[in-house]
Amino acid sequence: MATMKRPRLTAVLALPDYRLQLSFIDDSVYTVSLADAFVHYPALEPLRDESVFAQAEIIPGEGWTVEWIEPDIQIGADTLWLDAMAQNAQNEAQRRFMGWRAKHGLSLKQAADALGLTVRTVSAYGTGSRPIPKTVLLACKGWEVEQGKLR
């Protein structure tokens, strides 16, 4: 799994079926599907046009976002990395945990604070180097209820 302090992209390639192949600065490469994002994020609707979606690019030398110039849409590298971790998880618990972080846009510190854990523990859960206890997954759901964000 990726070991970056802050995810940054070196390359992006638009693939069929609204997928992106993402290359990160730590040499990791992941494929992420954005097909479900259209349902949750109406602002991404212009990307349903396959010719527009195919225009995905990063600014050379930067890599903080994937951009589509004409519809003026950007998706941050950190958001895409969280999606990549969730979609390419080693097991169901990791997929659910990383999906929770991605869904709410939580950094390592924000997730750690929300769950009363250390940043190091949250990082270990995300990379798969530590198994995620069922109690942590339940705490994620409890946090959503407490925040009024369960959907």
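Residues numbered from 1 in each chain as written. Predicted model: local features only at pLDDT ≥ 70, side-chain atom pairs only at ≥ 80, totals over all residues. Heavy atoms only, no water.

(A) Up close: the sheet that holds strand β1 (residues 9-15). Strand order in the open sheet formed by three strands is β1-β2-β3, and the pairing between neighbours is antiparallel. Looking at strand neighbours, the two that pair on one side only are β1 and β3 (29-33), the edges of this open sheet. The mean inter-strand angle of the sheet, taken between neighbouring strand axes irrespective of direction, is 20°. As paired elements, β1 and strand β2 (residues 19-24) share six bridges and run antiparallel to each other. Opposite Ala 11, over in β2, you have Ser 23 as the bridge partner. (Pairing = 2+ DSSP bridges. Helix = DSSP H or I, 4+ residues; strand = E, 2+ residues; numbered from the N terminus. Axes fitted to C-alpha atoms, helices over the stretch in contact; angles between N-to-C directions.)

(B) View of the side chain of Asp 83. Mapped onto the secondary structure, Asp 83 falls in helix α3 (residues 77-87). Buried charge Asp 83 goes without a salt bridge, the closest partner of opposite sign being Arg 95 at 10 Å. Ignoring sequence-local partners within four residues, the contact set of Asp 83 consists of Val 32 and Ala 102. (Buried < 20%, exposed > 50% of the residue type's maximum accessible area, 1.4 Å probe, protein only. Lys, Arg positive; Asp, Glu negative; His and termini not counted. Salt bridge = Lys/Arg side-chain N within 4 Å of Asp/Glu carboxyl O. Contact = heavy atoms within 4.5 Å.)

(C) Up close: the nonpolar core. Formed by 43 residues in total, the largest nonpolar core has its most connected members in Leu 20, Leu 22, Leu 34, Val 66, Trp 68 and Phe 97. Broken down by element, this core gets its largest block of residues, seven residues, from α3. (Core = buried A, V, L, I, M, F, W, Y, C linked by side-chain atoms within 4.5 Å.)

(D) Inspection of helix α6 (residues 119-127) at higher detail. Those residues of α6 that fall on the buried side of the exposure criterion are Thr 121, Val 122, Ala 124, Tyr 125 and Gly 126. Its buried side turned inward, α6 meets α4 (92-104), α5 (108-115) and α7 (134-147). Positive phi appears at Gly 128, one or two residues downstream of α6, with a value of about 85°.

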